[in-house]
Amino acid sequence: DMGGHDTYMHKEIHEQADAVDRVLRGRIDDRFSTVHLGGLNLDAREARQIRRVKILGCGTSYHAGMIGAQMIEELARIPADAEPASEFRYRNAVVDPDTLYIAVSQSGETYDVLAAVQELKRKGARVLGVVNVVGSAIARESDGGIYVHAGPEVCVVSTKCFTNTTVAFALLALHLGRTRDLSVADGKRIIAGLRRLPEQINEILKAEDEIKELAQEFADARSMLFIGRVRGYPVAREASLKLKEVSYIHAEAYPASELKHGPLALIEPALPTVAIVPDDDLLEKNRAALEEIKARSGKILAVAHQEQEKADRTVVVPKNEDELDPILMGIPLQLLAYHTALALGRDIDKPRNLAKSVTVE
Ligand code: M6R
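Here the structure is a predicted model, which means the values were calculated and not measured. (Residues numbered from 1 in each chain as written. Predicted model: local features only at pLDDT ≥ 70, side-chain atom pairs only at ≥ 80, totals over all residues. Heavy atoms only, no water.)

**Concerning the site of the ligand**
The ligand sits among 13 residues. The nearest are Ser-61, Ser-105, Gln-106, Thr-110 and Glu-245. At 3.4 Å from a nitrogen atom of the ligand is found a main-chain nitrogen or oxygen belonging to Val-156. The separation between a nitrogen atom of the ligand and a polar side-chain atom of Glu-245 is 2.4 Å. Within the complex, the protein chains bury 92% of what would otherwise be the 410 Å² of accessible surface of the ligand. For the shell around the ligand, the elements supplying multiple residues, two or more each, are helix 4 (59–76) and helix 11 (232–247). Top element by residues in the shell around the ligand is helix 4. It accounts for three residues. (Near = heavy atom within 4 Å. Polar contact = N/O pair within 3.5 Å; in protein donor to acceptor, adjacent residues only side chain to side chain. Areas by Shrake-Rupley, 256 points an atom, 1.4 Å probe, with all protein chains shown as cover. Helix = DSSP H or I, 4+ residues; strand = E, 2+ residues; numbered from the N terminus.)

Have a look at this one:
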C-alpha cells in the first residue's frame, strides 16, 4: 500500500520524521543525559575498554557507517572508521580484541556483511549489529546491537533506513561518549538536537516543490560532482549513490579538499557540482572551494544552512548541532534524486540491475 504516493521511494522519504521518532522512542535518559540501548550487550566496563571502532556495511549502509564513525570519534573520542564489508572480508584484515566491530545492514541479510560478521566471530571479535529487519541473519549472529526501527523499506533504493541508521549511530555515540568522557552539558545538547530532528525533517520536506524545479534543470546533465568536507563528505557520497541508482546519471563524490588534486580539471559549465556546506568550523574552507568552481564557470547547487553567494542555487536546511547535521543534509538530495529520476521516466522503485538485498557473493 503506497498510501497515496506514486512510488515507495516517495512514500518512504516522507515517512522519515515518524521513523526518526521511532528510533528515539523510549531510549533517551534525561536524568543522566544519555541513552539506553537495551540490546547492546555491552556493559560500562567493556564500553570503556574499547580502543577502536570499525564499522562494516555495503552501499548506503556503508555511507551511514561513515557518518557513524565520525560521530563516535567526535562524541566518544574513540578512533573509528568505516569500510565496505566486502573489502574487509577479502583483505585478511587484522582482527584486534580491543576493537569493537559494528555491522550495518538494512535487510540484515547482505551476504558480504554476514560473511564478515561470521569471520570476525570465528576469530573471537565482539560484533554489534545496526540492523533494520528484526530477527534477520546479521541481527542473530551479532553479539548485540541496535534496531534501527525504520519500518519496512520496500523501494530498492534506501532512504528512510539510511536516515534512521545515522540516528541510531548518534545514539550509540552519545551512549559511548557519556560512558566515557562526554560532559553532561554536551549530552544534554545532543539530546536536545536529537529531539529537534523530526520537526526539522518535515521542514525540509516542505521544500519539495523547489527541489522538483531544480531537478528539471539537472535532468539533462550527463554527469554530476558531489563534494563535501569531513561531516559533509559521507553525505556527498550517499547523495551521489542515490542519484546514480535511480536516475542512471553518472555521479562522483569527492572530498572538497581533494578538488585541486585532480577533479578540478573536470569543471566546466556542463558538469554541475552539488556542494554540502554545513555552518560549522569548515564553512570558510568550503566557501573557498565554491569560489574555485565558480572561477571555472562550474554550475553549483549548495545544500547549506544559509544562502551561499557563490552557488547558483542554495537549498537551505535547518541547522542542528554540528555533530548531527549530516543526518539532515542528505534529505533534500534524496528528493533531488527522486525528481530527477521521475523527470527521466525511470523505474524508481526497481532500478535496473539492482536487488533490494544482495544475498549472494
Ligand atoms: O540491506 P543492506 O543495508 O545490507 O544493503 C546494502 C546495500 O546493498 C544497499 O544499501 C544498496 O546500496 C541500496 N541499493 C542503496 O540504496
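Next, the rest of the story.
**Some details on the UniProt feature "coiled-coil region" (unreviewed entry) in the protein chain**
Feature annotation in UniProt assigns "coiled-coil region" (unreviewed entry) to the following positions: residues 197–224. Split by type, residues 197–224 is 71% helix and 7% strand. Its first and last C-alpha atoms lie 29 Å apart. (UniProt positions renumbered as here; feature names shortened; annotations may be inferred.)

**Regarding helix 8 (residues 160–179)**
Between its terminal C-alpha atoms helix 8 stretches 29 Å, which fits the 28 Å expected from 20 residues at 1.5 Å a residue. Here helix 8 lies mainly inside the structure; 19 of its 20 residues are buried. (Expected span 1.5 Å × (residues − 1). Buried < 20%, exposed > 50% of the residue type's maximum accessible area, 1.4 Å probe, protein only.)

**Re the packing of helix 4 against helix 8**
Packing of helix 4 against helix 8 leaves a shortest axis separation of 8 Å and a crossing angle of 25°. Relative to helix 8, helix 4 is oriented roughly parallel. Relative to helix 8, the crossing made by helix 4 is right-handed. Here Thr-60, His-63, Ala-64, Gly-65, Ile-67, Gly-68, Met-71, Ile-72, Leu-75 and Ala-76 of helix 4 come into contact with helix 8, specifically with Phe-162, Thr-165, Thr-166, Phe-169, Ala-170, Leu-172, Ala-173, Leu-174, Leu-176 and Gly-177. In terms of residue class, the contact of helix 4 with helix 8 is made up of 13 nonpolar, seven polar and no charged. (Axes fitted to C-alpha atoms, helices over the stretch in contact; angles between N-to-C directions. Parallel < 35°, antiparallel > 145°, perpendicular 65-115°, else oblique. Left-handed = near helix turned anticlockwise from the far one by under 90°. Contact = heavy atoms within 4.5 Å. Nonpolar A, V, L, I, M, F, W, Y, C, P; charged D, E, K, R; others polar.)

**A few points about the environment of Pro-272**
Summarising the element assignment, Pro-272 is placed in the loop between strand 9 (250–255) and strand 10 (273–277). Relative accessible area serves as the criterion here: at 5%, Pro-272 is assigned to the buried category. As for Pro-272 and Ala-173, which are separated by 99 residues in sequence, their C-alpha atoms are 35 Å apart. Not counting the four nearest positions on each side in its chain, Pro-272 is found in contact with Phe-218, Ala-221, Ser-223, Met-224, Leu-225 and Lys-299.

**A few points about the pairing of strand 6 (residues 126–131)**
Most of strand 6 sits out of view: five of its six residues are buried. As paired strands, strand 5 (residues 99–105) and strand 6 are joined by six bridges and run parallel to one another. Along strand 6, the bridge assignment pairs Ser-105 with Val-131. After leaving strand 5, the chain enters helix 6 (residues 111–122) and then returns to the sheet as strand 6, a path that is right-handed. In terms of strand pairing, strand 6 meets strand 7 (residues 144–147) through four bridges, oriented parallel. Counterpart to Gly-129 in the pairing with strand 7 is Gly-145. (Pairing = 2+ DSSP bridges. Right-handed = clockwise from strand over helix to strand, strands pointing away.)

**Focus: the sheet that holds strand 9**
Ordered in space as 9-8-10-11-12, the five strands form an open sheet in which the pairing is parallel. Two strands bound the open sheet, and with one partner strand each, they are strand 9 and strand 12 (313–316). When strand polarity is set aside, the average angle formed by the axes of neighbouring strands in this sheet is 20°. When strand 8 (residues 223–228) meets strand 10, the two strands line up parallel, connected through three bridges. Along strand 10, the bridge assignment pairs Phe-226 with Val-274. Relative to strand 10, helix 12 (residues 283–294) is tilted by about 165°, and along the sheet it contacts strand 8, strand 10 and strand 11 (300–304).

**Some thoughts on the packing of aromatic side chains**
Any aromatic ring pair is given by two values, namely how distant the centres are and how the planes are angled relative to each other. Considering all chains together, one arrives at one aromatic pair under this definition. An angle of 55° between the planes, with centres 6.1 Å apart, marks the rings of Phe-88 and Tyr-101 as tilted. Of this pair, Phe-88 sits in helix 5 (residues 85–90) while Tyr-101 is found in strand 5, placing the two residues 13 residues apart along the sequence. In this structure Phe-88 comes out as buried when scored by relative accessible area, which is 6%. Residue classification places Tyr-101 among the buried positions, given a relative accessible area of 3%. Here Lys-299 stacks its cationic end above the ring of Phe-218, 4.8 Å away from the centre of that ring. Taking NZ or CZ as reference, Arg-352 lies 3.8 Å from the ring centre of Tyr-248, over its face. (Phe/Tyr/Trp six-rings, centres within 6.5 Å; stacked < 30°, edge-to-face > 60°. Lys NZ or Arg CZ within 6 Å of the ring centre and 35° of its normal.)

**Points about helix 2 (residues 16–24)**
If you check which residues of helix 2 are buried, you get Gln-16, Ala-17, Ala-19, Val-20, Val-23 and Leu-24. The buried side chains of helix 2 occupy one side of the element, clustering within an arc of 160° when seen end-on. On its buried face, helix 2 is in contact with helix 1 (8–14), strand 1 (28–29), strand 7, helix 8, helix 9 (184–205) and helix 14 (331–343). Phi turns positive, to about 75°, at Gly-26, one or two residues after helix 2. (Arc of directions from axis to C-beta.)

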